[in-house]
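Residue strings, one per chain:
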Amino acid sequence: KPKTKRAKRFLEKREPKLKENTKNAMLIKGGNANLTVTEVLKDIYAVKKPFAVLYKKKNITRPFEDQTSLEFFSKKSDCSLFLFGSHNKKRPNNLIIGRMFDYHVLDMIELGVEKFVSLKDVKNSKCPEGTKPMLIFAGDMFDVNEEYRRLKSLLIDFFRGPSVPSIRLAGLEYVLHFTAVDGKIYMRSYKVLLKKSGCKIPRIELEEMGPSLDLVMRRTHLASDDLYKLSLKQPKALKPKKKKNISHDVFGTTYGRIHMQKQDLGKLQTRKMKGLKKRPAEKLSEDGGVSPKKSKSA
């Protein structure tokens, strides 16, 4: 139980909510990280800010063998995503990207950095801090291979940023492009330049901004199907309520079915015209009376 009001507010922020906060990421440097890995972590931190925490001290841990330290840091900093960097002779320039579920490691994938171009190496203008990126994935492997499919889901979770209700054209200024080909993943980042085109729609140009990484997949630790399904479960309050008698076709057209009582078309009011007026004789015959006209006597 909290002893102060400040502690009470802190615990309330961490309670489960219908609409969760934007996921934070922790970037951890291993005990034997070299300069390349350190620069990669700094650049990813610059891209991910302000939804990231960078640990500057070295932490001697091996996530694939012991995950307790990662889970401790996750609970301490309230982060559900992590990027761990290390370097050794067997696995040089090593990155481990992963995510948590209920402060336990859900899945993580080990990537090796083969080529790296830093933010400061590209002498172009940069996007402001906190810019929400547009994510593009190219390559059949992201749809065919299960490990690449999980990596795609993990990268979307890591870089997607906050959920926004609306978008303005000038805000679309940052692109993260991931290409999977020949067993490698190429990460490139571009700044979007809106040029004059002589009409309402601007001409778009992409300017490389950095960082850029050439990655290769190494080890994987994927969650079981049951646990992965449990992590995707949504509360009932967020699920859209099913509306009766409404259906949609493949083109997105909405169809509605209306239920009406049986109508008596004999009492239907139509347009009044002299030609449609009934004569007195027709009225009497409908009522079952005798015609007023007498037959002529011989």
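Throughout, a residue's number is its position along its own chain's written sequence, starting from 1. It should be noted that, the model being predicted, local features are given only for residues of pLDDT at least 70 and side-chain atom pairs only at 80 or more, the latter also being counted only at that level, while totals for whole chains, interfaces and linings use all residues. Side-chain measures here rest on the full set of heavy atoms in the structure, leaving out hydrogens and waters.

A.B. asks: Whenever I open this one, the nonpolar core confuses me. Can you help?
C.D. replies: Soluble, globular proteins show a tendency: their nonpolar side chains are buried together. Ile 97 and Phe 159 are the most contacted members of the largest nonpolar core, which has 35 residues in total. For this core, the element with the most residues is helix 5 (residues 146-159), which contributes 6 residues. Here a residue-residue contact requires only that any non-hydrogen atoms of the pair lie within 4.5 Å. Here Ile 97 is in contact with Phe 82, Leu 83, Asp 107, Met 108, Ile 109, Leu 111, Leu 151, Leu 154, Leu 155 and Phe 158, once residues within four sequence places are set aside. Residues Met 26, Leu 70, Cys 79 and Ile 96 belong to the second largest nonpolar core, which totals 12 residues. Definition of nonpolar core: a set of buried residues of the types Ala, Val, Leu, Ile, Met, Phe, Trp, Tyr and Cys, connected through side-chain atoms within 4.5 Å. Exposure categories follow from relative accessible area, calculated using a 1.4 Å probe and restricted to protein chains: below 20% of the type maximum is buried, above 50% is exposed, and the middle band is partly exposed. Runs of H or I in DSSP of at least four residues are treated as helices and runs of E of at least two as strands, each being numbered from the N terminus.

A.B. asks: What am I meant to see in the side chain of Glu 71 here?
C.D. replies: Mapped onto the elements, Glu 71 comes out in helix 3 (residues 68-77). In this tally, Lys and Arg are treated as positive and Asp and Glu as negative; His is ignored, and so are the chain termini. Any Lys or Arg side-chain nitrogen located within 4 Å of an Asp or Glu carboxyl oxygen qualifies as a salt bridge. Within the buried set, Glu 71 has no salt-bridge partner at all; the shortest N-O distance to an opposite charge, 9.0 Å, is to Lys 75. A distance of 3.5 Å separates the side chain of Glu 71 from the side chain of His 104, its partner in a polar contact. Leave out the neighbours within four places in its chain, and Glu 71 touches Met 100, Tyr 103, His 104 and Val 105. In protein, a polar contact requires one atom able to donate a hydrogen and another able to accept it; more generally it is a pair of N or O atoms within 3.5 Å, and residues adjacent in sequence count only if both atoms are side-chain atoms.

A.B. asks: Where do I start with a positive patch on the surface in this structure?
C.D. replies: Note on patches: the residues involved have over 30% relative accessible area and no salt bridge, like charges join within 9 Å, and the nonpolar side chains Val, Leu, Ile, Met, Phe, Trp and Tyr join within 5 Å. Here, Shrake-Rupley sampling with a 1.4 Å probe gives the accessible areas, and only protein chains in the shown set may cover a residue. The atoms used to mark charge sites are NZ of Lys, CZ of Arg, CG of Asp and CD of Glu. A cluster of basic residues, Lys 5, Arg 6, Lys 8, Arg 9, Lys 13 and Lys 17, forms a positive patch on the protein surface. Position of Arg 9 relative to the elements: it lies in helix 1 (residues 5-14).

A.B. asks: Can you help me understand the pattern of salt bridges in this one?
C.D. replies: Opposite charge on two side chains allows them to pair when their charged atoms are near. Counted according to the given criterion, the structure contains 15 salt bridges. Across the pair Glu 146 and Arg 149 runs a salt bridge, and its minimum N-O distance is 2.6 Å. Here Arg 149 and Glu 146 lie together in helix 5, a separation of 3 residues that amounts to about one turn. According to the relative accessible area criterion, Glu 146 is partly exposed, its value standing at 38%. With a closest N to O distance of 2.8 Å, Asp 214 and Arg 188 form a salt bridge. Of this pair, Asp 214 sits in strand 10 (residues 212-221) while Arg 188 is found in strand 8 (residues 184-195), placing the two residues 26 residues apart along the sequence. According to the relative accessible area criterion, Asp 214 is buried, its value standing at 12%.

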